[in-house]
Amino acid sequence: MINAIIGIGYNHRGLEKACESRNYIQDLYIIERVCGICSHIHSTAFCMSIETLTGVTVSKRAEYIRVVVAELERLHSHLLWLGIAFHEIGFDTMFMYTWRNREKVLNLLATIGGNRVNYGVNTFGGVRRDFDETINAEILSTVDLLEEEIKSYLHLALTESTLAVRLVGVGKLSHEDAIKFGAVGPVARAAGIAEDMRVIEPFGAYKDFPLHVATDQGADVYGKTVVRILEMQESLRMIRLCIKNLPDGPLTVRVPRRVPAGEVLTRVEAPRGENIHYVRSNGTDMPDRVRVRAPSQANWHGMQHMLQGGNLADVPITIAAIDPCYSCTDRAIIIHSENETKLTDWRKLRQYSIDWYKKQGVDCSTLKL
Amino acid sequence: MMESEEKIVQILCERFPFLQGRIAARKAKRIFSDALSKDEFMQIVAFIHDELNFRRGHLVVGTDEGDNLGLLYVLSNPEFILLNLRESVPKANPVVTTLSDLYPSLMMHERELVSLFGVIVEGLPKGISYPLPDGWPEGNYPMRKEWNPDYFNRNTLAYDPPQEKEEQK
Amino acid sequence: MDFIQKAIQWGTGKSPWIIHFNAGACNGCDIETIDALTPRYDLERIGITKQGSPRHADVLVCTGAVTLQTKERLIQIYDQMSEPKFVIAIGTCACTGGVFDGCYSVIGGMDSVIPVDMYLPGCSVRPETILNAIDKLLHGSADVKNAAINKIDLGGAHDGE
């Protein structure tokens, strides 16, 4: 791999403009669907922005529930990533195992929120769903089951030599480059940057129970794998603490329909990294400006450097290692340098192949695409 | 707990007297500035990067302020304090200088401003336009307030506002 | 001709191979589609497998509200599939555009771009629904299957497909 240019934008829907012509409640549904894998954290950030702008304080119970669902989301997202990463390196057995375990987390999320994806737990001023004794018991027993499974993944990652050979040194993004290119989340933590929004801007249970931030110095895909597995273990610990110390209190507090004028930047830790929401209000019930900077958008900048110098076969796992939300994943156009550098897109590539075959005496130009 | 933020504001105001009263630490880890002109903004950027150690660029938020376009640059230092500087340029001539040499992570956000707001970023390296689709009609900047998606035909990619709106503009 | 039609009818309906395409989705439905292939729902035990090329696939499983950028690619993928082919629109966004209907870069549901045989509403669609849909499509309604088979042009010279 000599170089790559990132060409993304296939999923651009124009939802920031749509948010400006809908009221805040309608926008909550749009924001939750920015991403299907980390929907809860997006809606949490949006709700927190509105709560800051309106000066409302959410009850502790609601904050703890938000934390539990956020950690469950982190678990299912990291298990998803682990499965996809194993699939990219050809280890389909573990892909099936990790996704089977992921089903346990999705069962929990469905029990709590009513849906496996887009759980709709948040509302302005708190949460819409409550935990009772049955749910608490189910969460704790699932967490016990998952703990054993995740321990085995860690054991696999640390002792399986084929995994190490395949992943060590691949997709390196050094500490300096990670800062320069603004990498966030496990990508930055694998490069030794101990940055986690749950520690820097904590809310709810993150304030009461300090989190251990997992870092690695390897700055490669292997480091990212280990960091994510350690984060899963930390999530299990956090969920247990929250359930065992769940405070009493109301689920929601009233939030005015018209949000006073102001602007706010909210930062939360999505499974993929730092998620920033910017909301500007103008005193009406519709926002003036909503900007969502998802973590995947930040991690793409370093992609060129991670791909350079590697093998073509390493491209899928390197791209997968930043855990791109498929919503932002698209093709990378590769520049081949012979005597000159050529920039090709699919149309030019197709024409190149037609011309090449013509020289061999075969005319493929009439082939329907 | 706001000592670092207050200190940064103080250093900036001493070094650049035109910032007096126009920059404040609103709460923990958030320093916001009022709208700065392009010249004022470019004066302080190098100092912020080199001396104050704000070396991470997170994003640039484009806003439509009516006659002006606002660009909110969100930068952070090793203490994770967010410094939010607002640069304001007239909509009729929205020219800014790129910060992508100091902050490579802002390059894609600057490209976004070019497509969605029509900002002209001098010095931005050549690259694929982001995020609008291929074939997007020139001169259409969707995030400007006056651009209404109801008048946009998604099949022909033509923007046809009704006549009265045209005359008002 | 009748015999060939009958043969095709007999051939389709078992082990359809699917190709999955994200035409601008939030990934919720995509993950649920891939979930259908994992051990809990396990589409592979009934012979359904996910292919990488549209030329190897019988069923196009598509998610997401079609964005301006993906419209052309979606049409191409549909054209590259050989007859008989079926299209399933997964999720509310693929059916009608969902919450994103009206956004400036969204055209709408899939049927504004390619013909759709089956609509699965939901946000997101559960994997059991996807299993049920593929089953209904191929074993349930004879009209849908016959319509797809009748589209095949069996007369005349090959047109290079």
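Residues numbered from 1 in each chain as written. Chains lettered and ligands numbered in written order. Predicted model: local features only at pLDDT ≥ 70, side-chain atom pairs only at ≥ 80, totals over all residues.

J.: When you look at the overall build of chain A in this model, what are you seeing that I'm missing?
T.: Scanning chain A from N- to C-terminus turns up 16 helices and nine strands. On C-alpha atoms alone, chain A measures out to a radius of gyration of 23 Å, which is about the 21 Å that the 2.2 N^0.38 rule sets for 369 residues. Each of the three principal axes of chain A carries a C-alpha extent, and together these read 75 × 50 × 40 Å. A total of 369 residues make up chain A; the buried ones form 53% of that total. Looking at chain A alone, contacts between residues at least 24 apart form 73% of all its contacts between residues at least 6 apart. (Helix = DSSP H or I, 4+ residues; strand = E, 2+ residues; numbered from the N terminus. Rg over C-alpha atoms; globule rule 2.2 N^0.38 Å. Buried ≥ 20, exposed ≤ 12 C-beta atoms within 10 Å, placed from the backbone. Contact = placed C-beta atoms within 7 Å.)

J.: Which parts of the structure should I look at to understand the overall build of chain C?
T.: Counting its regular elements, chain C contains six helices and seven strands. Along chain C, helices and strands appear, N-terminal first, in the series α-β-α-β-β-β-α-β-α-β-β-α-α. Considering only residue pairs separated by 6 or more positions, chain C has 82% of its internal contacts joining residues 24 or more positions apart.

J.: Please clarify how the environment of M2 of chain B should be interpreted in this entry.
T.: Residues and elements named next belong to chain B. Relative to the elements of secondary structure, M2 occurs in the segment before α1 (3-15). Overall, M2 belongs to the partly exposed group, with 15 C-beta atoms counted inside 10 Å. When the C-alpha atoms of M2 and R26 are compared, they prove to be 9.5 Å apart, with 24 residues separating the residues in sequence. Apart from the residues lying within four places of it in its own chain, the contact partners of M2 are A25 and A28.

J.: Is there a simple way to explain the interface of chain C and chain B in this structure?
T.: When the parts of a complex come together, some accessible area is lost, and that lost area is often used as the size of the interface. Contacts between chain C and chain B engage eight residues on the former and six residues on the latter. Taken together, the residues of the side of chain C that touches chain B break down into four nonpolar, four polar and no charged. (Nonpolar A, V, L, I, M, F, W, Y, C, P; charged D, E, K, R; others polar.)

J.: Even after reading the chapter, I still don't get the sheet that holds strand β2 (residues 49-50) of chain C, so can you show me in this structure?
T.: Pairing between sheet strands relies on hydrogen bonds along the backbone, with the strands arranged either parallel or antiparallel. Residue and element names in this part refer to chain C. With respect to topology, five strands assemble into an open sheet ordered β2-β1-β3-β5-β7, the strand pairing being parallel. Each of the sheet's edge strands pairs with one partner strand only, and the pair in question is β2 and β7 (118-120). Of the pairings in the sheet, the one linking strand β3 (residues 59-63) to strand β5 (residues 86-90) comprises five bridges and is parallel in character. Among the inter-strand pairings, V61 is bridged to a residue of β5, identified as I88. (Pairing = 2+ DSSP bridges.)

J.: Sorry, what's going on with the environment of G249 of chain A here?
T.: All names here are of chain A. Tracing the sequence through the fold places G249 in the loop between α12 (221-244) and β4 (262-270). Linking G249 and R61, residues 188 residues apart in sequence, is a C-alpha distance of 5.6 Å. The residues touching G249, leaving out its near neighbours within four places in the chain, are S59, K60 and R61.

J.: I would appreciate a short explanation of the packing of helix α6 (residues 133-159) of chain A against α12 of chain A in the present structure.
T.: Relative placement of two packed helices is described by the angle separating their axes and the distance separating the axes. All names here are of chain A. Relative orientation of the contacting elements α6 and α12 amounts to 160 degrees, with a least axis distance of 10 Å. Regarding the angle of α6 to α12, the classification is roughly antiparallel. Note on packing geometry: the crossing formed by α6 with α12 is left-handed. Along the contact surface, α6 presents N136, I139, L140, V143, L146, E147, I150, Y153, L154 and A157, while α12 presents T225, V226, I229, M232, Q233, L236, I239, R240 and I243. Looking at the contact of α6 with α12 residue by residue, the class counts come to 14 nonpolar, three polar and two charged. (Axes fitted to C-alpha atoms, helices over the stretch in contact; angles between N-to-C directions. Parallel < 35°, antiparallel > 145°, perpendicular 65-115°, else oblique. Left-handed = near helix turned anticlockwise from the far one by under 90°.)

J.: Whenever I open this one, the interface of chain C and chain A confuses me. Can you help?
T.: Between chain C and chain A, the contact holds 31 residues from the first and 31 residues from the second. Those elements giving two or more residues to the side of chain C that touches chain A turn out to be α2 (28-35) and α3 (68-80) of chain C. Looking at the side of chain C that touches chain A, its residues break down into 10 nonpolar, 14 polar and seven charged.

J.: Is there a simple way to think about α2 of chain C in this case?
T.: The α-helix advances 3.6 residues per turn, and as a result positions three or four apart in sequence lie on the same side. Across the eight residues of α2 of chain C, eight count as buried, placing the element largely inside the fold. For α2 of chain C, the full list of buried residues reads G28, C29, D30, I31, E32, T33, I34 and D35 of chain C.

J.: Is there a simple way to explain the packing of helix α2 (residues 24-32) of chain A against helix α3 (residues 39-54) of chain A in this structure?
T.: All names here are of chain A. Put simply, α2 and α3 touch, their axes get as near as 8 Å, and they point 150 degrees apart. By the angle between their directions, the pair α2 and α3 is classed as roughly antiparallel. Every pair of crossing elements has a handedness; the one defined by α2 and α3 is right-handed. On the side of α2, the interface is formed by Y24, L28, I31 and E32, while α3 contributes S39, H42, S43, F46 and I50. Looking at side-chain class alone, the contact of α2 with α3 contains five nonpolar, three polar and one charged residues.

J.: Quick question: what am I supposed to make of the pairing of β3 of chain C here?
T.: Regular strands have side chains that alternate between both faces of the sheet. Buried residues dominate β3 of chain C, accounting for five of its five residues. Burial of the side chains of β3 of chain C extends over both faces: V59, V61 and T63 of chain C are buried on one face and L60 and C62 of chain C on the other.

J.: Whenever I open this one, the pairing of strand β2 (residues 30-36) of chain B confuses me. Can you help?
T.: All names here are of chain B. Inspection of the sheet shows strand β1 (residues 23-27) paired to β2 by four bridges, in the antiparallel sense. Looking across to β2, one finds that A25 is bridged to I31. Where β1 folds back onto β2 in an antiparallel hairpin, the turn is made up of two residues, including K29, whose phi is positive at roughly 65 degrees. The pairing of β2 with strand β5 (residues 82-90) spans five bridges and is parallel. Along β5, the bridge assignment pairs L36 with E87.

J.: Help me understand the sheet that holds β2 of chain B in this model?
T.: Residues and elements named next belong to chain B. What the five strands build is an open sheet, ordered β1-β2-β5-β4-β3; its pairing is mixed. At either end of the open sheet lies a strand with only one pairing partner, and these are β1 and β3 (56-64). Neighbour to neighbour, the strand axes of the sheet diverge by 20 degrees on average, direction disregarded. Along the sheet face, α1 touches β1 and β2 and points at about 175 degrees away from the line of β1.

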